[in-house]
Amino acid sequence: IRMETMTPNIVLVGFMGAGKTSVGKAIEQLKGYRFVDLDQVIVQICGRSIPEIFSLRGEEAFRQLESAALRSLQGVRRTVLSTGGGIVGRAENWETMHRFGPVVYLEADWAVLQERIGQGEGRPLASAEGGWEKVMALWEKRLPLYLQADLRVDCSQGSPEQVAL
Ligand code: S3P
């Protein structure tokens, strides 16, 4: 990801399995940005895992926590922020993300995403019991939303480091 002028922050969006966390960590290593994973921020605020939040409080509550956690990062600098795959569903999240800095969409082919999601461990919306049709429908529904990003980077091939460079 080439950022000719050093931008204050970089925001990574994309579906589950696109590699947001791996690419974010590579950008931290190679470009000196601080890496923050929004799901981890939510876990820290709540003191519960993502699957626990979904099962105890439901998806709507999770989305509210997610938007609040995103807003709480206001003012961060030289940070690469990895977001959850569903961040793109709310217009207010786009406003917040665009204020941080350029939003980069990490895209990958469906087959690649499917392989990386695997059994969907730790991902309540992609657990194996739910079946792939549901996950694929979610992906298709979100595809046009990801296009609100400022940049698109294909992550189907290559290592996280290659994508980061
Ligand atoms: C979600 C993706 C997850 C996590 C939560 C919901 C989604 O993040 O935020 O399970 O709606 O796609 P990753 O994209 O990092 O797996």
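Up top is the structure these notes are about.
Predicted, not measured: the structure shown is a model, and the values here were computed from it.

What counts and how
- Residues numbered from 1 in each chain as written.
- Predicted model: local features only at pLDDT ≥ 70, side-chain atom pairs only at ≥ 80, totals over all residues.
- Axes fitted to C-alpha atoms, helices over the stretch in contact; angles between N-to-C directions.
- Helix = DSSP H or I, 4+ residues; strand = E, 2+ residues; numbered from the N terminus.
- Parallel < 35°, antiparallel > 145°, perpendicular 65-115°, else oblique.
- Left-handed = near helix turned anticlockwise from the far one by under 90°.
- Contact = placed C-beta atoms within 7 Å.
- Pairing = 2+ DSSP bridges.
- Near = placed C-beta within 6 Å.
- Nonpolar A, V, L, I, M, F, W, Y, C, P; charged D, E, K, R; others polar.
- Buried ≥ 20, exposed ≤ 12 C-beta atoms within 10 Å, placed from the backbone.

(A) Up close: the packing of helix H3 (residues 50-72) against helix H4 (residues 91-100). Close contact between H3 and H4 brings their axes to 10 Å; oriented N to C, the two are set at 15°. As the angle between them shows, H3 and H4 are arranged roughly parallel. The handedness of the crossing between H3 and H4 is left-handed. Contact residues: Ser 67, Leu 70 and Arg 71 in H3; Glu 92, Asn 93 and Thr 96 in H4.

(B) Spotlight on the sheet that holds strand E5 (residues 151-154). Strand order in the open sheet formed by five strands is E2-E3-E1-E4-E5, with parallel pairing between adjacent strands. A single partner strand is all that each edge strand has here, and the edge strands are strand E2 (34-37) and E5. Taking the axes of each pair of neighbouring strands and ignoring which way they run, one obtains an average angle of 25° across the sheet. Across four bridges, the pairing between E2 and strand E3 (residues 79-82) is parallel. Residue pairing across strands places Phe 35 opposite Val 80, the latter belonging to E3.

(C) Region of interest: the site of the ligand. If you check the shell around the ligand, you find Met 16, Lys 20, Asp 39, Ile 50, Gly 84, Gly 85, Gly 86, Arg 123, Pro 124 and Leu 125 and nothing else. In the shell around the ligand, the residues fall into four nonpolar, three polar and three charged.

(D) The arrangement of the pairing of E3 in detail. A two-sided burial pattern is seen for E3, the buried positions comprising Thr 79 and Leu 81 on one face and Val 80 and Ser 82 on the other. Of the strand pairs in this sheet, strand E1 (residues 9-13) and E3 are connected by four bridges, and their pairing is parallel. Opposite Val 11, over in E3, you have Leu 81 as the bridge partner.

(E) Quick peek at the environment of Val 43. With respect to the secondary-structure elements, Val 43 resides in helix H2 (residues 38-46). A sequence separation of 53 residues divides Val 43 from Thr 96, and the C-alpha atoms of the two residues are 20 Å apart. Not counting residues up to four positions away in its chain, the partners in contact with Val 43 are Arg 48, Ser 49 and Ile 50.

That's the geometry; what it means functionally is another story.
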